[in-house]
Amino acid sequence: MRSDVSVTSGVFEANRARGAVRFDVHARDGVTRRGVLHESGSLRVRFPSPEGEGLSGVFVNTAGGVAGGDSFEIDIAAGQGSRLTLTTAAAEKVYRAPGAAARLNISLKADAGAHLSWLPQETILFDRARVHRRFDIELDEAASLLLCEIVVFGRIAMGERMEQGEFVDRWRLRRGGRLVFAETIRLDGNIGAKLGRSAVAKGGAAIGTALIVPGDEALVERIREASDSFSGEVGISAWNGFAMARFCAQDAARLRADMMAVLARTGTALPRLWLN
């Protein structure tokens, strides 16, 4: 006879959310149009009214969040000369995982002359959440990219902190077929104590990254001119033809404000959902 634990585990596994979105865009007469779209499971993408000549997409997770054992796949290709901005309808919440970690795999590709902006709202990790995320990015030498991610370790405004859990974040960027950036961040075990260390986050509960391609020292200096307005810690540097800004703040609101200040210096038009 199967134990109650085995039965519970089987029910839990059978009810895990799965979702996938795959589509491409292309430019025609200077206007970006969507190609073939594939959606499955609880992940959807919607396209609001066009803003200028580019196309905007908004991801919606109908599962209402991410839990242990969930799996989501996103595969986007921006064709030559196209312009695409992607965001989410709301902050994504990652809940406690009693078993396997949730897995999020994102593949982004941009051809010559294309511009791709990946600007989701925050990812909020609850206590004992476990998630593995992977970005695989392929850019033509003449393509451009803005990729911003904010991760929040607990809802501080509600008195919640992430104390235990697992967060693994793997980024790989190839430009012109050459690997120019590779990084894997791993936080596990007593995450709350680790974030409290001065060399990690100095007690901060929100971290963020902005990857800007192409990026150079001129862009870095332009962003540094806004440093007096930052309420958290922001570091910016450029190498291998791209720029990267790192953010750390006591809460999501402060980090989001710093991120918006940096993006303003790049000339980025934020999605309307960021401004609500």
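In this text, all values refer to a predicted model and were calculated from it rather than measured experimentally.

Novice: Help me out: how do you make sense of the overall build of the protein in this one?
Specialist: Check the secondary structure of the protein and you find five helices and 17 strands. Relative to the globule expectation of 19 Å for 276 residues, the C-alpha radius of gyration of the protein, 19 Å, shows essentially globular dimensions. With the C-alpha coordinates aligned to their principal axes, the bounding extent of the protein is approximately 65 × 45 × 40 Å. Across the 276 residues of the protein, 45% fall into the buried class. Pairs at least 24 apart in sequence give 71% of the contacts found in the protein among residues at least 6 apart. When the accessible surface of the protein is split by element, carbon and sulfur atoms take 49% of a total near 13,100 Å². When the 36 positive and 33 negative side-chain charges of the protein are each reduced to one mean point, those points stand 4 Å apart.

Novice: How should the packing of aromatic side chains be read in this particular structure?
Specialist: To describe a pair of aromatic rings, you give the distance between the ring centres and the angle between the ring planes. Summed over all chains, the structure comprises nine aromatic pairs. Ring plane angle 70° and centroid distance 5.7 Å describe the contact between phenylalanine 181 and phenylalanine 242, whose orientation is recorded as edge-to-face. Of the two residues, phenylalanine 181 is situated in strand 14 (residues 178–190) and phenylalanine 242 in strand 17 (residues 242–249); the sequence distance between them amounts to 61 residues. Classification of phenylalanine 181 as buried rests on a relative accessible area of 6%.

Novice: Explain the pairing of strand 14 here, please?
Specialist: Within a regular strand, the side chains alternate between the two sheet faces. As judged from the twelve bridges shared by strand 13 (residues 164–175) and strand 14, these two strands associate in the antiparallel manner. Bridging across to strand 14, glycine 165 finds its partner in glycine 189. Counting the residues in the hairpin turn of strand 13 and strand 14 gives two residues, including glycine 176, whose phi is positive at 60°.

Novice: What exactly am I supposed to notice about the nonpolar core here?
Specialist: The nonpolar side chains of soluble globular proteins are, as a tendency, buried together. Core analysis: the largest hydrophobic core is formed by 50 residues, its most contacted members being Trp118, Leu125, Ile137, Leu147, Phe153, Leu173 and Leu211. The biggest single contributor to this core is strand 8 (residues 102–110), with five residues. When near neighbours in sequence (up to four residues on either side) are disregarded, leucine 147 contacts Leu108, Trp118, Phe135, Ile137, Trp171, Thr209, Ala210 and Leu211. Val152, Leu219, Ala226 and Leu255 belong to the second-largest nonpolar core, a separate cluster that totals 27 residues.

Novice: Would you take a moment to explain the pairing of strand 5 (residues 71–78) for this structure?
Specialist: The alternating pattern of strand 5 places Phe72, Ile74, Ile76 and Ala78 on a buried face and Ser71, Glu73, Asp75 and Ala77 on a face that is not buried. Sheet analysis places strand 1 (residues 18–28) next to strand 5, joined by eight bridges and oriented parallel. Paired with glycine 19 across the two strands is phenylalanine 72, which belongs to strand 5. Bridging between strand 5 and strand 8 involves eight bridges; their strand directions are parallel. Following the sheet pairing, alanine 77 is matched in strand 8 by lysine 109.

Novice: Honestly, helix 3 (residues 217–224) in this entry has me stumped. Any pointers?
Specialist: Think of an α-helix as turning once every 3.6 residues; residues three or four places apart then point the same way. Residues of helix 3 that are buried include every one of Leu219, Val220 and Ile223, and no others. Buried residues along helix 3 cover an arc of 105° about the axis, so they all sit on one side. Looking at the buried positions of helix 3, the neighbouring elements they touch are strand 15 (206–213), strand 16 (233–239), strand 17 and helix 4 (252–266). The N-terminus of helix 3 is capped by aspartate 216, whose side-chain oxygen sits 3.2 Å from the backbone nitrogen of alanine 218.

Novice: So what exactly am I meant to see when it comes to the sheet that holds strand 13 here?
Specialist: One key point about sheets: their strands pair by backbone hydrogen bonds, in either a parallel or an antiparallel sense. The strand order across the open sheet built from seven strands is 2-1-5-8-11-13-14, with neighbouring strands paired in mixed fashion. A strand with exactly one partner marks an edge of an open sheet, and here the two such strands are strand 2 (31–41) and strand 14. Each adjacent strand pair in this sheet contributes to an overall mean axis angle of 5°, direction not counted.

Novice: Teacher, can you tell me more about the side chain of serine 42 here?
Specialist: Considering the arrangement of structural elements, one finds serine 42 in the loop between strand 2 and strand 3 (43–46). Look at serine 42 and you get buried, because its relative accessible area is 11%. A polar contact is formed between the side chain of serine 42 and the side chain of asparagine 61, at a distance of 3.4 Å. Not counting chain neighbours up to four residues away, the residues in contact with serine 42 comprise Ala17, Arg18, Gly19, Val60, Asn61, Thr62, Ala63 and Phe72.

The rules behind these values
- Residues numbered from 1 in each chain as written.
- Predicted model: local features only at pLDDT ≥ 70, side-chain atom pairs only at ≥ 80, totals over all residues.
- Heavy atoms only, no water.
- Helix = DSSP H or I, 4+ residues; strand = E, 2+ residues; numbered from the N terminus.
- Rg over C-alpha atoms; globule rule 2.2 N^0.38 Å.
- Buried < 20%, exposed > 50% of the residue type's maximum accessible area, 1.4 Å probe, protein only.
- Contact = heavy atoms within 4.5 Å.
- Areas by Shrake-Rupley, 256 points an atom, 1.4 Å probe, with all protein chains shown as cover.
- Lys, Arg positive; Asp, Glu negative; His and termini not counted.
- Charge placed at Lys NZ, Arg CZ, Asp CG, Glu CD.
- Phe/Tyr/Trp six-rings, centres within 6.5 Å; stacked < 30°, edge-to-face > 60°.
- Pairing = 2+ DSSP bridges.
- Core = buried A, V, L, I, M, F, W, Y, C linked by side-chain atoms within 4.5 Å.
- Arc of directions from axis to C-beta.
- Polar contact = N/O pair within 3.5 Å; in protein donor to acceptor, adjacent residues only side chain to side chain.
- Axes fitted to C-alpha atoms, helices over the stretch in contact; angles between N-to-C directions.

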